[in-house]
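An overview of the molecular structure
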Amino acid sequence: MRICGIKLTHDGAVALIEDGKLIFCIEQEKRNNNPRYQVIDNLDAIVQALNEHGLSVGDVGQFVIDGWDGELESEFQVFSEGVPITLSGAPYVERWPDNPLKSHDSSGLALSGSILPYKSFPHVISHVVSAYCTSPFAKAGEPSFCLVWDGCIFPRLYYAEPKGIRLIKCLFPMIGHAYAVAGHHFGPYRKEDPKGWDLGVAGKLMAYIALGAAKENILNVFRELYEEHFAGETLLAVGYRENIHNADALLARVNDYFDASASRLRCEKPEDVLASFHVFLERLLVGEMTIALQMQSQLESRNLCVAGGCGLNIKWNSALRASGLFESVWVPPFPNDSGSAIGAACCALAVDRGLAPLDWSVYSGPKLKSSAIPPGWEAAPCTLAELARILASNEPVVFLAGRAELGPRALGGRSILAAATSPQMKDHLNEVKFREHFRPVAPICLEDRAQDIFDPGTPDPYMLFDHTTRPEWRERIPAVVHLDGTARLQTISRNSEHEVSKLLAEYESLTGIPLLCNTSANYHGRGFFPDAAAACEWGQIGHVWCDGLLLTRTSETDESPVGCADFSVSA
């Protein structure tokens, strides 16, 4: 049976599962240089995604929409073939504690002239199911705790096993967006009128806090005000906790918390304030998780899945892994909403067959599009050995290979690669990407060499944990060492069939170094390049390697590529 999962709101995506295998997941931001966090407001995108894989609407047995804002149900205003329609869906958080997988069933999904029935599951439950069903625990038939900490919810701890899901508890009353909102009150992203939040700020703060240090006097301020505003028995805190389904009210209270913090921290450096807030939340998370597990001592599992937008915080992931509370911690490459379409489809699968493991690959995104050679560029065949020599000469390369990776991190399919041996390379890459100077550049490393260079250096194929660079390597690979000595490591097996693994082996053979700088290949604020022409037109890097073909800039030009000869870059 084919099941099509759909995420309509930010990080919109279409996923298809057939007989327990993920066939594709197309995130809208990875089409046509779309902006990050792109929504699906036109249902024709679903039809297009199916058609691109040789399927029609009639080939799908079930459609599933991820739930969204709403206390009892959500509502979506979309278009289909130019006609506006309204769809209803499940709420953000499950409302049936004894049956978290209870679906919202409806009709009215207008696709290709047909009006179809569909199911919808709560957004948070889609996170739980996507994390567990893609985990090694599901594959082994083992149960797992599952932490979901998303934008406007408190962190929620579930227990997932093949026969179902149950909620253990909400850990503490702090919404996930608090991290980003902190950045609107302190530091380089401060706003005079800090309403709402910016989805991109949280990741930037993770880098910025390396400029500062956590200080106990600042931590004490955050603790005192946390009790007063959120966790204690004051009228303020009780009112906040009673209004958990009103996102605007929750955000207003969080802004009040940081206003009160700012008035007491005027003399502190913003980098120290933000570093301290990060540590405050980290301690709170690990501490409350410890208490929750002590209360669930009858449950034998000590596995943990992490999902929700906060699952992209590599330092919190690493703190949970280092806490000793869990034998194994799993974070999928799409813990944020980029995995929600997959989760929605898996929910429908789980209703029929339990929480079974999903057969999937991280390289299940869009295929490379065929495109034209733009003026001012020339193309020639290029082996990976030849490409390794270009990289060894300290020239960065846009590297496009096969299908795009799932989730927000470039993992070798849509990457800019460069030698890590020059201390200037990080600054150069940040400059061409229009990023702040303190932002780190990640290393992609052959898995069997990672422990020589990093601590712990354990397999980390999706760049979701913190690793410390060993002292003897810091001067050899300065471009990937962050200000605090850490690195956001991605490992890849030497035996992988992916082209980036073969390139790393060639580069290691040439230089003795088994890693390269790796950052995403995209326009600033947009998804990955969909084809080689987009990388050439961006023009910040003079070499673009695309499935065996090297495009090299021969001159500066502003001319349009219209009328140029086509070349195939399909996977």
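Residues numbered from 1 in each chain as written. Predicted model: local features only at pLDDT ≥ 70, side-chain atom pairs only at ≥ 80, totals over all residues. Heavy atoms only, no water.

**So, empty space enclosed by the protein**
- For the coordinates displayed, the defined rule picks out two cavities of 30 Å³ or more.
- The space that makes up the largest cavity amounts to roughly 60 Å³.
- Every residue lining the largest cavity is listed: L147, W149, L285, V306, A307, C310, G311, W316, N317 and L320.
- The set of elements that each furnish at least two residues to the lining of the largest cavity consists of β12 (303–307) and α10 (314–322).
- Among the elements that take part in the lining of the largest cavity, α10 stands out by supplying three residues, more than any other.
- Each residue belonging to the lining of the largest cavity can be placed in one class, and the counts come to eight nonpolar, two polar and no charged.
- The space that makes up the second largest cavity amounts to roughly 40 Å³.
- Lining the second largest cavity, in full, are K30, P366, K367, A404, R414, F528, F529 and P530.
- A per-class count over the lining of the second largest cavity returns five nonpolar, no polar and three charged. (1 Å grid on protein atoms, 1.4 Å probe; cavity = no way out; pocket = protein on both sides within 12 Å on 5 of 7 lines; lining within 4 Å. Points joined across faces, edges and corners; volume = space filled by probe spheres on them. Helix = DSSP H or I, 4+ residues; strand = E, 2+ residues; numbered from the N terminus. Nonpolar A, V, L, I, M, F, W, Y, C, P; charged D, E, K, R; others polar.)

**A word on the layout of surface pockets**
- Roughly 670 Å³ of internal volume is contained in the second largest pocket.
- Per-class residue counts for the lining of the second largest pocket are 18 nonpolar, eight polar and five charged.

**Re the nonpolar core**
- With 203 residues, the main nonpolar core has F63, M174 and L387 as its most contacted residues.
- Examining the composition of this core, we find that 12 residues originate from one element, helix α9 (residues 270–295), more than from any other.
- Among all residues touching L387, those that are not within four sequence positions of it are C382, V397, F399, L503, W545 and L550. (Core = buried A, V, L, I, M, F, W, Y, C linked by side-chain atoms within 4.5 Å. Buried < 20%, exposed > 50% of the residue type's maximum accessible area, 1.4 Å probe, protein only. Contact = heavy atoms within 4.5 Å.)

**Some points on the sheet that holds strand β9 (residues 144–148)**
- Read from one edge to the other, the open sheet built from five strands follows the order β11-β10-β9-β12-β13, with strand pairing classed as mixed. With partners counted over all chains shown, the strands left at the sheet margins are β11 (164–170) and β13 (328–330), one partner each. Between one strand axis and the next, the sheet turns by 25 degrees as a mean value, whatever way the strands run.
- Both β12 and β13 contribute to a ladder of three bridges, which runs parallel. Residue N303 lies in a different strand from β13, and its bridge partner there is S328. (Pairing = 2+ DSSP bridges. Axes fitted to C-alpha atoms, helices over the stretch in contact; angles between N-to-C directions.)

**Some points on the confidence of the model for the protein chain**
- Here the protein chain shows a mean pLDDT of 94. Residues at 70 or above account for 97%.
- Every residue in residues 558–571 scores below 50 in pLDDT, and together they form 35 contacts with partners more than four places removed in sequence or on other chains. (pLDDT = per-residue confidence, 0-100.)

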